[in-house]
Structures are given as C-alpha cells and as structure tokens.
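# A structural walkthrough
Residue strings, one per chain:
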Amino acid sequence: MSTTPAVQRMDLARPLLVFSRLPIPGLSTALMRSFGWEPCWVSTERDCRVATAAQPHISTALVYPDTEDKWLRQMEAAFSRFPQYIQIIAIVDHDRMRDPRLRRFVAQFCFDYHSLPLNLSRLFYSLGHACGVAIIGDGCGDLYPLDTMVGGSKAMLALFGQIRKVATVDAPVLITGETGTGKELAALAIHEHSARAHKPFVAINCGSIPEQLIQSELFGHEKGAFTGAHERKIGKIEAAAGGTLFLDEIGDCPLAVQVSLLRFLQEQCFERVGSTQSLQADVRIIAATHVDLEAAAKQGQFREDLYYRLNVLRLQVPALRERGGDAPLLAHYFLQHFAHEKNPHIKGIGQAALGAISTYSWPGNVRELINRMRRAMVMSDHAHISIEDLGLPEQDPVFLTRLDQAREKAEREAIIVAIHASGRNLSEAARTLDIARVTLYRLMDKYVIDV
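Heads up: these notes are all about the structure in this document.

About the cut-offs
- Every chain's residues receive numbers from 1 upward, in the order its sequence appears when written.
- Residues qualify for local features only when their pLDDT is at least 70, as the model is predicted, and side-chain atom pairs are given and counted only at 80 or more; totals for whole chains, interfaces and linings, by contrast, use all residues.
- To get the side-chain values, take all heavy atoms of the structure and skip hydrogens and water.
- Between N-to-C directions, angles cover 0 to 180 degrees, with each direction set by a line fitted to C-alpha atoms, over the stretch in contact for helices.
- Under the scheme used here, helices are H or I runs from DSSP no shorter than 4 residues and strands are E runs no shorter than 2 residues, and both carry numbers assigned from the N terminus.
- We call two directions roughly parallel when the angle between them is under 35 degrees, roughly antiparallel when it is over 145, roughly perpendicular when it lies between 65 and 115, and oblique otherwise.
- Handedness of a crossing follows from how the near helix is turned relative to the far one, being left-handed for an anticlockwise turn of less than a right angle and right-handed for a clockwise one.
- Contacts between residues were defined by any pair of non-hydrogen atoms, one from each residue, lying within 4.5 Å.
- Any two strands with at least two DSSP bridges between them are considered paired.
- Buried residues are those whose accessible area, probed at 1.4 Å on protein chains only, stays under 20% of the maximum for their type, while exposed residues exceed 50% and partly exposed ones sit between those limits.
- A clockwise course of the path from the first strand over the helix to the second, judged with the strands pointing away from the viewer, identifies a crossover as right-handed.

## Quick look at the packing of helix α13 (residues 326-337) against helix α14 (residues 351-359)
Contact geometry of α13 with α14 gives a least axis separation of 7 Å together with a crossing angle of 125 degrees. The orientation of α13 with respect to α14, classified from their angle, is oblique. Crossing geometry of α13 relative to α14 is assigned as right-handed. Here Ala 327, Pro 328, Ala 331 and His 332 of α13 lie close against α14, whose contacting residues are Leu 354, Ile 357 and Ser 358.

Structural data, given as structure tokens:
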C-alpha cells in the first residue's frame, strides 16, 4: 500500500538493520518478527553497505556495540555513510557506558539507546518512534504513497497483524468500520500480501450505483439485454478474475443482487444480464460496511445467509479517535505527501495545532484529517499551520466532574505536544517537560499514549 512502534506501513515489511557481532541478550529474530520487524543481521562495515544497497527502504537500525577500537571504528565508518534520515538505536551494557568512546558514539550517531537487561516494550516503542521520524524526515517522504496504511497505535498494530494472517488464505473477508477509516486500504493491503497480488484488485461501491445498474456492473451484460445495452459488457467479477473483488458498502446492496452474490460465493458461478450461460471466475471477495450487518439481517434488510457467507473472516478498522497518537503522525505524513500543494512559506505544524489534532474526536476519521490538512496547507498565512487554519476547536468539550480529571487531561495533552514537538525523541521531550525519561515512560504507560 509504528512495545509500540510509532509508524508502520502495510505495503512493505519494515526492514531493520541489526549491526552486531554478538547475540543480543533477550532479543532474537523471531521476537523482532513478532513485533512486525524483519531484521537483517550484519557484523562488518562491508556487510552493512551490502545490506543497505540491497534494501533501499531501510530507515531504522539497531546496534549492539562493544568497546573494541577496531569494531567501534567499523560502526562509525558504516553509520557515517548512512542517509541522514536513517535512525539508529543502540543497546548497551550499563557498565560500558562509562567508556567515553562509547558515549561519544551514542551521542554522535544514535537516536536513542537502551541498557541491558532490555525492557522490550520500551525498546520496540523507541524503534517505532525512530521509524516514524525517518518516514517524515528529509529525503524520506516520497517513499510512502498515499495509498499506504500508516499507523503505530496498538489498535493499528493489531489490525496489521490480522491483515497478514487473513492474506494467507482465500476465504471471504468482511471489513467493518466507520466512514473514512480506510476500509478500502485494508482490503488492498490484504490483496497485496496475498498470493493473488499479481492479479487484479477491482473495487466497486455498492451504494453509489443505481439499483437498476448494479447487477450489470457486477456480472456484466449481453448486447441487447436492456435499453442502452449496445454491446456486451464485462462485469467487475470477470474483470477481477484470479484476483480480488472489493465490495464497498455491501450493506447498501439491493436484495435482488444479494441473491446473485450468494450464488457466486457458493459456487463461483454467475450469469451476465440477458444470458442463460453459466460462467465461472476464480475471485476472492472482500466486503466492507459501516453498518451493523448482523442487525440489518435480523431486521430483514440484508440476507442472513449472505451475511454468514461474507463474515468468514472479520476485520474492524479502528476510528481515528481510537488510534492513540496516530493523528499527529498522520498530519506530519500528509504535510510531507502534499508538499507540492502547500504554500512555500509553510514550514510545519504549530504545537497548539498538534495538541488540537491529538485531542479532536475526528468524526470524519482519516478522510477528514486529509481534507483539513490540505485546506490548511493552501490557505494558511502562517509559517506553521495553526488551529484556526485547520478549523479545529481548542479541545473537544468534555465535562470534567473532578479536579484530578482536569489535571490528568492537561498532563496528558502536555506530554503529547512535547513528544511531537521533539520529533518523537523521548529524551528531548523529557527535557522539555523537565522530568526524567523514566518518568516520561511511566506517564505514557499511565495515560496509554502510543505516539
């Protein structure tokens, strides 16, 4: 087509360069893969150059340095040739940090460091932040097209894992979620990670086509089948042969068409409108809806048998307000992606605007965020996009009945703003807030801040 990694993409696996000549205590390839990373282990400068040349999308590196002069020099030589946007995380033995050469190496080259024994959730959280910084960093913005799923909240990481699982089989998938959450992107990600990726991905919105035409759109028609049918037309099912058909807003599909869809799901057979010839097509069906199909089936507004045929594998795409911390990351992402549209004087997003983006409920989800960002990038008269440019309220109206609730809300918002203002560098954010880094981690855990 982000424990908590800050930004993850669904169109490519996240490669991670691991530079170490020794096993890293508490860390293995299997463990890293379980957190969504594909490690490439290297132990020499030459191996490092070969790996980065072979995988141009590497944006994050993990290093386990020791204090031997020769090896430190190799690491320094390798990392000094890295593109500026690549972020490096170091894992160090606590006692070795007394060595001034190692401290100098960490200060010069590393985005962050972690001491042994590892706190895995914090390590992968840090790796995700580094990945996020790399994605929105200079020279890196064009790597990720708009049809890529980007996120790093726990909800999105869970979704990415589910997508990878359902992509390995051919059973129908039902994707649910509010309007604007990116259900079609999820369907496309399933297709692109499946064995059908080299075949067509065909999408149709069942709610946008008049009832009298949708049968023809799906199954095709013969010449003369109805007024205006001047020639044979191939339907979406035939066009998707060997690949995937995405039925968006399946809940709006007329009952008459639902019967034909049910037959196709049962037998992989269909007939063009105006024909009695039965045709076959090898097509995987992925459907999406923002309505409760189970309730619609009980009310007679959707065929119950079709619902159960579609609901073999089910994915729920979370609303943006449920994707803790993703909204500011997406805002930076869209600022990079639509850079060609923005006024040249715009340098970034203001801290107050980032705070408002973090706390706004986003009823229109990612689609609303895209629209507000694009409008602000064109219309803003400021160097940094403001709350007014986005048309957002200072904060959502929330009734706080207790003083401690108000304090917690203010504390959480201050932490989110500091993290994003520092480019997700947690050490710098802690300094801005005048607290220890360990205190920042504790508060992030307390308030479930996944940014």
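## Side note on the sheet that holds strand β9 (residues 201-205)
A sheet is described by the order of its strands in space; here 5 strands give the open sequence β9-β10-β13-β8-β14, paired in parallel fashion. Looking at the sheet topology across the chains shown, the edges are occupied by β9 and β14 (313-316). With direction set aside, neighbouring strand axes in the sheet form an average angle of 20 degrees. Pairing of strand β8 (residues 173-176) with β14, which is carried by 4 bridges, proceeds in the parallel orientation. By the bridge assignment, Leu 174 is partnered in β14 with Arg 314.

## Side note on the pairing of strand β5 (residues 87-92)
When you tally the buried positions in β5, you get 6 out of 6 residues, the bulk of the element. Here 4 bridges tie strand β4 (residues 60-63) to β5, and the two strands are oriented parallel to one another. Looking across to β5, one finds that Leu 62 is bridged to Ile 89. In the sheet, β5 pairs with strand β6 (residues 112-115) via 4 bridges, with the strands oriented parallel. Considered in β6, the bridge of Ile 89 is made with Asp 112. Regarding the hand of the β-α-β motif, the stretch spanning β5, helix α4 (residues 100-109) and β6 is right-handed.

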